[in-house]
Amino acid sequence: MIRLSLLNLMRNRRRTILTVLDIGVSVFVLSVLMSLPGIADRVLRDRASSLRVISHSKAGPLYVLPESYGPRIASRPHIQAVSAFTLFLGIYHLPSDQFPNAAIDHEQLEAIWPDWGISSAAANEFKARRTACLVGPALMERFHWQIGQQIILRGTIYPVDLTFQIAGELGDRAPPPILLFRRDYLEEATAHRAQVNMYMAKVDDSRAIPGVIEDIDQMFANSGADTRTETELAFFANMIGNFRSLFAIAKAVALIVALTITLVTANAAAMSIRERRAEIAIMRALGFRAPTILASLLGEGAVLGLVGGALGIAAAYAVLRWMSVGSAALGPLGLALRVPPRVMFETLTIALLIGAGSAVVPALSAVRRNSVDAIRNLG
């Protein structure tokens, strides 16, 4: 039956190719749209167990805070370490090569980010070399960088070009599109004009986090620069919150695409089977059982669905991988764009159901038709 199904598909190659492309396009759209919420979930999942809190200006993370806030935050109960965080947002080559990059206090690296998979060798090199930087895995892959390589970033916020030497790669728990370097290097290059955008603090116990947040914000309340302190999870959730409406629209569009392509494929299957009604009647007259013929017709649809689904998933994987060159507009999602294995399985299953399911009604109608009437109408 498999061989018969394949032979039947080759009888009208144009229709077969167009049907496969229809399913492939639908699966491509489905894979891309279904991957977006999963990317956000992955980013938040990696932040869920963090003991870090982030203090930034109440007006927003892009505003500045005084240098004096760092020691005052470090002196509060339950605070293990504090690092200032200064956004640099340098460009590698072209304006499209922009990605998150920032300066931190190198002395606190291992104390604040012990879960980011920073090796001891990389941490020691980062502390010993003023021009050292640590790079997220997605950036290493995108630009084909190597540890020890020198790179230059052209400043956007600060009008200086900085030369770095890659000391190591951050682990999978770090934001994939980030590059970190030392604040003392930035301060020297800008004649100490670099300002602090945020303070990142490590808390000793998760149960103390609500109290720490309240304590920090009360300490700077009614000052010249009020703070808003939140957990790392809440900080990233607020950033990704701007994409929630996009995700809702993506789900609705995915449903519409699936329904539309199902109707298109069902119409193609109905046309193909209608043209072969007399042939099906002859097969029944020769002794082929109805379940066997039905399985052959559904098999044709299943093959179309599997081939189209595989092409669509491959295209979605390639496009998202290409897009992961880092759209700055996607923020923390930029270089995390991938088609998760779960989405691959789900969309391939949907493609199989579309292919086989679209042939069910016309196939049942064909095998149930009276063989004598079908043969009589052969001429």
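All values reported here derive from a predicted model rather than from experimental measurement. (Residues numbered from 1 in each chain as written. Predicted model: local features only at pLDDT ≥ 70, side-chain atom pairs only at ≥ 80, totals over all residues. Heavy atoms only, no water.)

Considering the overall build of the protein
For the protein, the count of helices and strands is 15 helices and nine strands. Going through the 379 residues of the protein one by one, you find that 48% of them count as buried. Of the roughly 18,300 Å² of accessible surface on the protein, 61% is carried by carbon and sulfur atoms. (Helix = DSSP H or I, 4+ residues; strand = E, 2+ residues; numbered from the N terminus. Buried < 20%, exposed > 50% of the residue type's maximum accessible area, 1.4 Å probe, protein only. Areas by Shrake-Rupley, 256 points an atom, 1.4 Å probe, with all protein chains shown as cover.)

So, the environment of isoleucine 91
Note on placement: isoleucine 91 falls in the loop between strand S2 (79-87) and strand S3 (101-104). Residue classification places isoleucine 91 among the buried residues on the basis of a relative accessible area of 11%. Residues isoleucine 91 and leucine 153 lie 62 residues apart in sequence; the distance between their C-alpha atoms is 5.2 Å. Each residue touching isoleucine 91, except ones within four places of it in the same chain, is listed here: Asp97, Gln98, Ile152, Leu153, Arg154 and Thr156. (Contact = heavy atoms within 4.5 Å.)

What about the pattern of salt bridges?
Counted according to the given criterion, the structure contains 13 salt bridges. Between arginine 52 and glutamate 232 there is a salt bridge; the shortest N-O distance is 2.9 Å. Here glutamate 232 lies in helix H9 (residues 232-240) and arginine 52 lies in strand S1 (residues 52-57), a separation of 180 residues in the sequence. Assigned by exposure class, arginine 52 and glutamate 232 land together as buried. For arginine 342, the salt bridge is made with glutamate 346, and the minimal N-O distance between the two is 3.2 Å. One end of the pair, arginine 342, and the other, glutamate 346, are both in helix H13 (residues 341-357), four residues apart, so they sit about a helical turn from each other. In this structure arginine 342 comes out as partly exposed when scored by relative accessible area, which is 46%. Residue classification places glutamate 346 among the partly exposed residues on the basis of a relative accessible area of 29%. (Salt bridge = Lys/Arg side-chain N within 4 Å of Asp/Glu carboxyl O.)

Section: a nonpolar patch on the surface
A cluster of nonpolar side chains, contributed by Ile17, Leu18 and Leu21, occupies part of the molecular surface with about 290 Å² of accessible area. When you line up the elements, leucine 18 lands in helix H2 (residues 13-47). On the accessibility criterion, leucine 18 (48% relative accessible area) is partly exposed. (Patch = residues over 30% accessible without salt bridge, like charges linked within 9 Å, V, L, I, M, F, W, Y side chains within 5 Å.)

Some words on H13
The terminal C-alpha atoms of H13, which comprises 17 residues, lie 24 Å apart, in line with the 24 Å expected from a rise of 1.5 Å per residue. Among the residues making up H13, those that are buried are Val343, Thr347, Ala351, Ile354, Gly355 and Ala356. (Expected span 1.5 Å × (residues − 1).)

Side note on the side chain of threonine 229
Turning to its location among the elements, threonine 229 is positioned in strand S9 (residues 227-231). The buried category is assigned to threonine 229, whose relative accessible area is 6%. Looking at threonine 229, its side chain comes within polar contact range of the side chain of serine 55, at 2.8 Å. Engagement of the side chain of threonine 229 in a polar contact is seen with the side chain of aspartate 217, the distance being 2.8 Å. Setting aside residues no more than four positions away along its own chain, threonine 229 makes contact with Val53, Ile54, Ser55, Ile213, Ile216 and Asp217. (Polar contact = N/O pair within 3.5 Å; in protein donor to acceptor, adjacent residues only side chain to side chain.)

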